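Residue strings, one per chain:
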Amino acid sequence: MLRCSKSSINRFPKYILRQLAVQVHQLRAKSGRPPFKNRYDDDDEDNNDVYTRKRKGNQEDRLQLYKSRGQHLLTNPRILDSIVRSSGVGPGDTVLEIGPGTGNLTLKLLEVADKVVAVEVDKRMVQALHTRVSEQGLSEKLTIISKDALKTDFPHFDLVVANIPYNISSPLVAKLVFGGYHFRSATLLLQKEFAIRLLSNPGDSEFNRLAVNVKLVADVEHVMNVSKRDFIPIPKVDSSVVKIHLKTEIPDVNLNEWWAFTKTCFGKKNKTLGATFKQKKKVAELLNLSKVTNFDENIMPLDVFNSSDDEKDESIFLGSFKEKLVGILRSADLEDKRPSKLSNEELLYLLSLFNKAGICFHDQEKPMDINASFASS
């Protein structure tokens, strides 16, 4: 075997080194060993992504997995089995799986469920999933929907069991709990930091708008933590499994109003409500949205003021409306309270006071988009 010292190799021109690298790749491929990443290859689509090659059965499926797209495949069979067991899936169940990837969790679910409906937008993953399931003779039990999970309606399902792509966790959880679906539970593998926020309570530093909204209609429990080393490619953070149960009874509240109200309150969650509702921009916004004629016939929407001559009158109306907002906060003894420390019962009570006074937080003529509302939560 030819051996060269490091110093002698460094004297070779780059084009010779490139040819040598290609030959080494070819020799490794013939021997069945995975190829080296060529440091002279400038065709990498995304320098922040990881190129992963994995052998499955007698075939070598080569897929480029991107961290930036939330593509992290859970490979630890022990963790996969634990997720399936904790979900409570049984022989008569139809399971909804979102983001199945190449099917590591899907195959486990197909072993115990009656049917699995998998929603996967990446057509490369869809093909790999079809191939693996067909090889196991389980194709009749699987339905694949090759669409964006945020933009498609889900068919009937009894349970949700899924490794959720990190970049759509918030709107997807909101879609499940507010989308009008009826299911027994949702067992979800989420980024650990996101799961902590979902599990947080008033007074916790992680308590935020998403937790407030989910707690309105569902209960969330922690199942287990999962190390980042159990994924390919390895993400930067660990994950957690949570289980969501829809509540049988929910408060009688207009959800569009609730979502818009919590967005206002939790825009600065550690600022007092009094400070939030005294902001001129917020006062003007609520004045234009509100049914002010039901509140005070002397207060008129800002759009009636069209000329600079009316600026003084406009300022008077704004000031009067601001005092009404603050007066409601004071009547509830919440002016100096921070949203991050309030329970849902306190927030619901405050919203009811505002609405009874004719003050609205959402344009009643426009339906609210759940995905858009929770995209930044």
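Here the residue numbering is sequential within each chain, running from 1 through the sequence in written order. Local features in a predicted model are, by the rule used here, given only for residues with pLDDT of at least 70; side-chain atom pairs are given and counted only at 80 or more, and totals for whole chains, interfaces and linings are based on all residues. Heavy atoms throughout the structure, all of them, feed into the side-chain values; hydrogens and water do not.

Draft legend 1. Structural view of the overall build of the protein. Working definition: helices are DSSP H or I runs of at least four residues, strands are E runs of at least two. Numbering for both runs from the N terminus. If you tally the helices and strands in the protein, you get 14 helices and eleven strands. We call two residues in contact whenever any of their non-hydrogen atoms come within 4.5 Å of each other. A separation threshold of at least 6 residues defines the contact pool for the protein, and within that pool the share at least 24 residues apart is 67%. Note that accessible areas follow from Shrake-Rupley with a 1.4 Å probe, and for residues the cover is restricted to the protein chains shown. Taken as a whole, the protein presents about 20500 Å² of accessible surface, with 48% of it coming from carbon and sulfur.

Draft legend 2. Summary view of the pairing of strand 6 (residues 142–145). A pair of strands counts as paired when DSSP detects no fewer than two bridges linking them. Judged from the four bridges that link them, strand 5 (residues 115–119) and strand 6 form a sheet pairing that is parallel. Within strand 6, the position partnered with Val 116 by the bridge is Leu 142. Convention used here: a crossover is right-handed provided that the path from the first strand, over the helix, to the second strand proceeds clockwise when the strands point away from the viewer. Between the parallel elements strand 5 and strand 6, the chain passes through helix 5 (residues 123–135) in a crossover that is right-handed.

Draft legend 3. The UniProt feature "binding site: S-adenosyl-L-methionine" (unreviewed entry) in the protein, seen in detail. UniProt positions are given in the numbering used here, feature names are shortened, and annotations may be inferred rather than shown by experiment. Per the UniProt entry, the sites bearing "binding site: S-adenosyl-L-methionine" (unreviewed entry) are His 72, Leu 74, Gly 99, Glu 120, Asp 148 and Asn 163 in this numbering. Its relative accessible area of 9% is what places Glu 120 among the buried residues. With sequence-adjacent residues up to four places away left out, Glu 120 is seen in contact with Gly 99, Pro 100, Gly 101, Met 125, Val 126, Ile 145, Ser 146 and Lys 147. Whenever two N or O atoms come within 3.5 Å, that pair is a polar contact, provided that in protein one can donate a hydrogen and the other can accept it, and provided that, for residues adjacent in sequence, both atoms are side-chain atoms. At 3.1 Å, the side chain of Glu 120 and the backbone nitrogen of Gly 101 are in polar contact. Along the chain, the position of Asn 163 falls in strand 7 (residues 159–163). When a residue's accessible area, from a 1.4 Å probe over protein chains only, is under 20% of the maximum for its type it is buried; when over 50% it is exposed; and in between it is partly exposed. Classification of Asn 163 as buried rests on a relative accessible area of 15%. Within the local environment of Asn 163, its side chain forms a polar contact with the backbone oxygen of His 72, the two atoms lying 3.0 Å apart.

Draft legend 4. View of the environment of Pro 339. When you line up the elements, Pro 339 lands in the loop between helix 12 (311–331) and helix 13 (344–356). Along the primary structure Pro 339 and Arg 209 are separated by 130 residues, whereas in three dimensions their C-alpha atoms are 9.1 Å apart. Dropping the residues within four chain positions of it, Pro 339 is found in contact with Phe 207, Cys 265, Phe 266, Lys 269, Lys 271 and Leu 273.

Draft legend 5. Summary view of helix 9 (residues 255–265). Of all eleven residues in helix 9, eight are buried, a share of seventy percent or more. Of all the residues in helix 9, the buried ones are Glu 257, Trp 258, Trp 259, Ala 260, Phe 261, Thr 262, Thr 264 and Cys 265. The opening residue of helix 9, the one whose side-chain oxygen lies 2.9 Å from the backbone nitrogen of Asn 256, is Asn 254.

Draft legend 6. Representation of the confidence of the model for the protein within the structure. Summing up the model confidence of the protein, the mean pLDDT is 82 and the portion of residues at 70 or higher is 73%. What pLDDT reports is the predictor's confidence in each residue, on a scale of 0 through 100. Low pLDDT (under 50) marks residues 33–61, which in the prediction has 44 contacts with non-local residues, meaning those over four places away or in another chain. The low-confidence segment residues 292–308, where pLDDT is below 50, has 32 contacts with residues more than four positions distant or belonging to other chains.

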